[in-house]
Amino acid sequence: MPIRILSSSLIDQIAAGEVVERPASVIKELAENALDAGARRIEIDVEAGGLRLLRVRDDGCGIPAAELPLAVQRHATSKIATLDDLEAVVTLGFRGEALPSIGSVARLKITSRTGDAPAGSELGVDGGEARPVRAAAHPPGTTVEVRDLFYNVPARRKFVRTEATEFGHIVAAVERVALAAPAVAFRLRHNGREVLELPAALDERGMASRLARILGEDFPERALRVEQRVGPLSLRGWLGLPTAARAQADRQFCFVNGRAVRDRLLAGAVRLGYRDVLYGGRHPAYVLEIQIDHRLVDVNAHPAKTEVRFRDSRAVHEAVFRAVERALASTRPAESTPAAARIDLPAFAGGAGRPLPLPLAAARVAAELAFHAPMAAPGAAAAAVVREPDAGALPLGHALAQLHGLYILAQNAAGLVVVDMHAAHERVLYEALKTQYATAEPAAQWLLEPLSVNLPEHQIDLLLEAQADLEKVGFEIDRVAPGQLALRRVPAMLAGAEVVPLLVQLAQDLGSERGAHHLDAAAHRVLGTLACRAAIHAHRRLSLAEMEALLRQMEQTERASQCNHGRPTWTRVSLAELDQLFLRGR
Ligand code: ADP
Ligand code: MG
């Protein structure tokens, strides 16, 4: 086929593929247009799950008759005109894509009247073909009617689910828009029956009833208010109490400058804020609105505009996480659960509180191998001794060499094994620490002379907050002066390690973003951070014996195939794959 330019209706249909996924996406686009037009009330009528009819009527500014044909043309918008405008978009729409896209996959009719026009006018579009504008009766505002969605795109129609499912998505879309614009009244009807009637929420009480209607009757009483300014960011919202958490993550709403977004970064930050107050597998309900200088956020990340990019995503993450965490901290006394009791014990103790069968007492092995003992002079560890392939029984085989101070290369019966040494060791230590944590008597060693740890007072406080957890793995610490701790006992597996710097780093991590925040319970976090700090770091030269020891520990350690962050710790390349690389037949 020769190269040629696509017809304009096909171009619209391709764009529609991104913007109009299902009836609910049409509702979202039309409702956003109404909000951009300054509507005070939006009425939505749906028939047959939106496949027969979607109608959105508003009392906004209206479209002048002369501009109606433009409204349905691609890349035609009244909302931006220059790149500068694009970089600081304040409206929900700006791409000029929704109406032409909808018009290319449905029968579209727009009836509108501006405030100063004596009468209204209407424009119809059928499968991408616009008809001439006609006079029509309409009060000031706009009605957009979409009939027979996807009638001319059978492939898309096949992906549409049942009427009830599609209508469910429509309700969710209306709820999202309604939470983003509390001052606007909404009404939604399906097949002539009223489903939602939301009066304008102009004060706290009004907002509470809108929240109750959308997130559940008890939500307003079981939520905490957050209202905070952090740098260029202002945060406002309602955080469901941990005790009101749900099995599904279906009541989580994030808005950025009035736009409903699904943003991993924000969801992750909120989740983190909840991390040590939530039991595993539960999801908080929340509504969170972020206002930020429009220039610090890029909304042009995706045609559906439900994703955003922050210029300084770290700062946003930090601000949201801290705000949520601080707000939730106030729930503790009321929860009347001391910190230690909140720890997710089943995960440590395995089932009914029995200690786990020690996976080859990984702790003891680690101690014997003394990863932390000062290393022999560089070069002493011969890094390229080739072994006979006798590695049949050992999954990770025998160590051959260290690569760039990061990876261990080993040979097993099948071929080559590559291990990320820090990640692997971190997991081994973490699992060993958890095992110690769960035993009544952690293997530990009293020091003949206590070591002293000097730190700023607030960091000592952080360590003392974690004291119960530290004791459970074998540490014994107490404060001897405002800025000084005495370290009297250390976990056996860390004997010989540089424990004082380790505690110093732990204190710093506990007070900053660095720690193992991805781990849910507080104790996991302490143990995870400890493991990360104690694990062998890049560029440590390892002897073959040490590499071997790590491989054997990995084989004995649960979950050792992923590091504490869920990334793989090792991979393999089989002889067959190597043969292929060298085009060698066998
Ligand atoms: P965008 O919203 O990105 O500008 P659309 O295709 O959704 O693109 O709409 C095109 C134009 O039609 C808008 O820029 C606006 O001027 C006009 N328009 C659409 N819907 C309405 C409405 N409900 N009220 C007033 N004007 C509207
Ligand atoms: Mg739009």
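Residues numbered from 1 in each chain as written. Chains lettered and ligands numbered in written order. Predicted model: local features only at pLDDT ≥ 70, side-chain atom pairs only at ≥ 80, totals over all residues. Heavy atoms only, no water.

1. Overview of empty space enclosed by the protein
Under the criterion given, the structure shown has two cavities of 30 Å³ or more. Estimated volume of the largest cavity: approximately 70 Å³. Residue lining of the largest cavity: Val-89, Val-90, Thr-91, Leu-92, Val-256, Asn-257, Arg-259, His-294, Val-297 and Val-299, and that is the complete set. A class-by-class count of the residues in the lining of the largest cavity yields six nonpolar, three polar and one charged. When residues are assigned to domains, the lining of the largest cavity turns out to be shared by domain 1 (8-197) and domain 2 (204-328), each giving three or more. (1 Å grid on protein atoms, 1.4 Å probe; cavity = no way out; pocket = protein on both sides within 12 Å on 5 of 7 lines; lining within 4 Å. Points joined across faces, edges and corners; volume = space filled by probe spheres on them. Nonpolar A, V, L, I, M, F, W, Y, C, P; charged D, E, K, R; others polar. Domains from an automatic or database assignment.)

2. Observations regarding the sheet that holds strand S19 (residues 415-420)
Strands in a sheet are paired, the pairing made by backbone hydrogen bonds, and the direction either parallel or antiparallel. What the four strands build is an open sheet, ordered S17-S18-S19-S23; its pairing is antiparallel. Across the chains shown, the open sheet's two edge strands, defined by having one partner strand only, are strand S17 (398-403) and strand S23 (570-574). For this sheet the average axis-to-axis angle between neighbouring strands, irrespective of direction, equals 25°. Sheet topology places S17 next to strand S18 (residues 407-412); five bridges connect them, and they run antiparallel. Following the sheet pairing, Gln-402 is matched in S18 by Ile-408. Its contacts with the sheet place helix H14 (residues 421-438) against S17, S18 and S19, and it is angled at close to 70° to S19. Those strands touched by helix H19 (residues 544-556) are S17, S18, S19 and S23, and its axis lies near 115° from that of S17. (Pairing = 2+ DSSP bridges. Helix = DSSP H or I, 4+ residues; strand = E, 2+ residues; numbered from the N terminus. Axes fitted to C-alpha atoms, helices over the stretch in contact; angles between N-to-C directions. Contact = heavy atoms within 4.5 Å.)

3. Structural notes on the site of ligand 1
With respect to spatial proximity, 20 residues lie near ligand 1, and among them Asn-33, Thr-77, Ser-78, Lys-79 and Gly-96 are the closest. For ligand 1, an oxygen atom lies 2.9 Å from a polar atom in the backbone of Phe-94. Here an oxygen atom of ligand 1 sits 2.8 Å away from a polar atom, N or O, in the main chain of Gly-96. Protein chains bury 93% of the 520 Å² of accessible surface belonging to ligand 1 in isolation. Secondary-structure elements contributing two or more residues to the shell around ligand 1 are helix H2 (23-36) and helix H5 (98-104). It is H5 that provides the largest number of residues to the shell around ligand 1, a total of three residues. (Near = heavy atom within 4 Å. Polar contact = N/O pair within 3.5 Å; in protein donor to acceptor, adjacent residues only side chain to side chain. Areas by Shrake-Rupley, 256 points an atom, 1.4 Å probe, with all protein chains shown as cover.)

4. As for the pattern of salt bridges
Counted by the stated rule, this structure contains 35 salt bridges. The closest approach of N and O atoms between Glu-555 and Arg-552, which form a salt bridge, is 2.9 Å. On the criterion of helical spacing, the pair formed by Glu-555 and Arg-552 is a turn pair, its members being three residues apart in helix H19. When its relative accessible area of 24% is taken as the criterion, Glu-555 is described as partly exposed. By relative accessible area, Arg-552 is classed as partly exposed at 21%. Several salt bridges share partner residues, and in doing so they unite Arg-41, Glu-43, Asp-45, Arg-55, Glu-145, Arg-147, Arg-187, Arg-189 and Glu-197 into one network. (Salt bridge = Lys/Arg side-chain N within 4 Å of Asp/Glu carboxyl O. Buried < 20%, exposed > 50% of the residue type's maximum accessible area, 1.4 Å probe, protein only.)

Purely geometric stuff here, so don't read any function into it on its own.
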